[in-house]
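# Structural features, examined
Here's the letter readout for the chains.
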Amino acid sequence: MNKEKEYETDKRTKFDRRRLLQVAGLSGLSTLVLSVVGCGSKKNVCPKDSELTGFLKKNYFPSNGTREIDPKGYIDWLKESVFTHGELDNLPKCGIILHDAKVEQHLQKLGFNASQYKIIETGSTDPNLIYIVRKNFGKDFILNRGLPGAGGVATQAAELYALGVEHIIHIGTCGLIGEKQKEGTPIISSGSYKDAAALILSAPEQNAYDNTLIARPSEELTKKISETFNIEHRIYSLAIGFTMPIYYFQPTAVIEELINGEFYSYKPRPSYVEMEAASLFMTAKLMGKHAASLVIGSDRYILSEGKLKHEFYDVDSDTAKSQLIEAALKTFDKM
């Protein structure tokens, strides 16, 4: 290949990568539209960006801003038909959505015994498991075993808020992007680039599709978490993330663009990727509640000799998550 053709190929590859990021990452709703119109098939031609934008604005950001299926309706049904003895009344106002299967082990590690918590399964179609924990001192809380991705966390958060929870802290792991963040060090989210679900959850008056690409956590709750870490002189980072609601088969081109792409030359550059934060933040905003996110970097993406490399670290995630739960509880106690 001569230099001129090589330059054109490289130029086209970079352009395609930026477009993939915008379509698959930041404007993920476009994927739905492309599947509907049959983009990529021999019989159909992909619509122009302006057509995609018009379709999305018309169908996902309607001018009247109305929405269907209020989570309160589901909670009312649970109280009337399933938990008829007041089990869902007067619940704690603070909640943690923990992305870990070993919830009871974390509670035991933090000094809670089985007599201090009650387990309730509220899901009828989803395996939603919540622990209602009563503390001897300090504020009682709900620990919700997290479901992965946008649909999981948005559903869980909406139902917790409908149950009366006011503040939710999301706890989990993340994949670090580049070498800025240190593995195993707590990251407090200052925002996350929106996935498709977070765009759908964005209010129409925000003009979210065009301008508001980053979902923000509660400033009040995020500040209080930072204060907790500062008081205990714990090392942490405050950083922007990128919400990709899948774990397996993440697009290589999107990750490469996140590391060194031109798209971020004039925007805040995300330093980690996770699956839930943006949708959680937008659910909280829709319902007038508070949400924040705490994560630990357990793996990393880097570019090595021009090729994307993904590596896992020997991070003690169990201990790290228990410490994050402890920090969340200390934050709740100060509120």
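This text gives an overview of the structure that appears in the document. (Residues numbered from 1 in each chain as written. Predicted model: local features only at pLDDT ≥ 70, side-chain atom pairs only at ≥ 80, totals over all residues. Heavy atoms only, no water.)

### Points about the overall build of the protein chain
Helix and strand counts for the protein chain stand at eleven helices and eleven strands. Counting across all 335 residues of the protein chain, residues that qualify as buried make up 48%. Within the protein chain, contacts between residues separated by at least 24 positions form 75% of all contacts whose residues are at least 6 apart in sequence. Of the accessible surface of the protein chain, which amounts to about 17,000 Å², a share of 51% is contributed by carbon and sulfur atoms. (Helix = DSSP H or I, 4+ residues; strand = E, 2+ residues; numbered from the N terminus. Buried < 20%, exposed > 50% of the residue type's maximum accessible area, 1.4 Å probe, protein only. Contact = heavy atoms within 4.5 Å. Areas by Shrake-Rupley, 256 points an atom, 1.4 Å probe, with all protein chains shown as cover.)

### Brief notes about the layout of surface pockets
By volume, the second largest pocket amounts to about 550 Å³. Secondary-structure elements contributing two or more residues to the lining of the second largest pocket are β5 (167–177), α9 (252–260), β9 (272–274), β10 (290–304), β11 (307–312) and α11 (317–333). When residues of the lining of the second largest pocket are assigned to their parent elements, the largest contribution, five residues, is made by β5. Residues that form the lining of the second largest pocket fall into these classes: 13 nonpolar, eleven polar and four charged. (1 Å grid on protein atoms, 1.4 Å probe; cavity = no way out; pocket = protein on both sides within 12 Å on 5 of 7 lines; lining within 4 Å. Points joined across faces, edges and corners; volume = space filled by probe spheres on them. Nonpolar A, V, L, I, M, F, W, Y, C, P; charged D, E, K, R; others polar.)

### Some details on the pattern of salt bridges
Scanning all chains against the criterion turns up eleven salt bridges. Residues R134 and D140 are paired through a salt bridge, measuring 3.1 Å at the closest nitrogen-oxygen approach. Here D333 makes a salt bridge to K135, at a shortest N to O gap of 3.0 Å. A residue pair is termed long-range when its members are at least 10 positions apart, and D333 in helix α11 and K135 in the loop between β3 (129–133) and β4 (141–145) qualify at 198 residues. (Salt bridge = Lys/Arg side-chain N within 4 Å of Asp/Glu carboxyl O.)

### Quick look at the environment of C94
For C94, the position within the fold is in strand β1 (residues 94–98). C-alpha of C94 to C-alpha of I169: the two residues are 75 residues apart in sequence and 8.4 Å apart in space. Not counting the four nearest positions on each side in its chain, C94 is found in contact with K139, D140, F141, I142, V165, H167 and F332.

### Some words on the side chain of E276
Tracing the sequence through the fold places E276 in the loop between β9 and α10 (277–287). One polar contact links the side chain of E276 to the main-chain amide nitrogen of G149, over a distance of 3.0 Å. (Polar contact = N/O pair within 3.5 Å; in protein donor to acceptor, adjacent residues only side chain to side chain.)

### So, a nonpolar patch on the surface
Nonpolar side chains collect at one region of the surface, where Y247, Y248, F249 and F312 lie side by side and expose about 600 Å² of accessible area between them. In this structure, F249 sits in the loop between β8 (237–243) and α9. (Patch = residues over 30% accessible without salt bridge, like charges linked within 9 Å, V, L, I, M, F, W, Y side chains within 5 Å.)

### Observations regarding the packing of helix α4 (residues 71–81) against helix α6 (residues 149–162)
Running from N to C, α4 and α6 cross one another at 65°; their axes reach a closest spacing of 9 Å. Crossing handedness for the pair α4 and α6: right-handed. Residues P71, K72, Y74 and I75 of α4 form the contact with α6, whose own contacting residues are A158, E159 and A162. (Axes fitted to C-alpha atoms, helices over the stretch in contact; angles between N-to-C directions. Left-handed = near helix turned anticlockwise from the far one by under 90°.)

### A short note on the packing of aromatic side chains
Using the criterion set out here, one finds six aromatic pairs in the structure. Ring geometry for Y74 against W77: centres 6.0 Å apart, planes inclined by 20°, an arrangement best described as stacked. Residue Y74 and its partner W77 are both found in helix α4; the two are separated by three residues, about one turn of the helix. (Phe/Tyr/Trp six-rings, centres within 6.5 Å; stacked < 30°, edge-to-face > 60°.)

### Some points on α11
For α11, built from 17 residues, the straight-helix expectation of 24 Å at 1.5 Å per residue is met to within 8% by its first-to-last C-alpha distance of 24 Å. Three or more residues of α11 are buried, namely S317, A320, K321, S322, L324, I325, A327, A328, L329, T331 and F332. (Expected span 1.5 Å × (residues − 1).)

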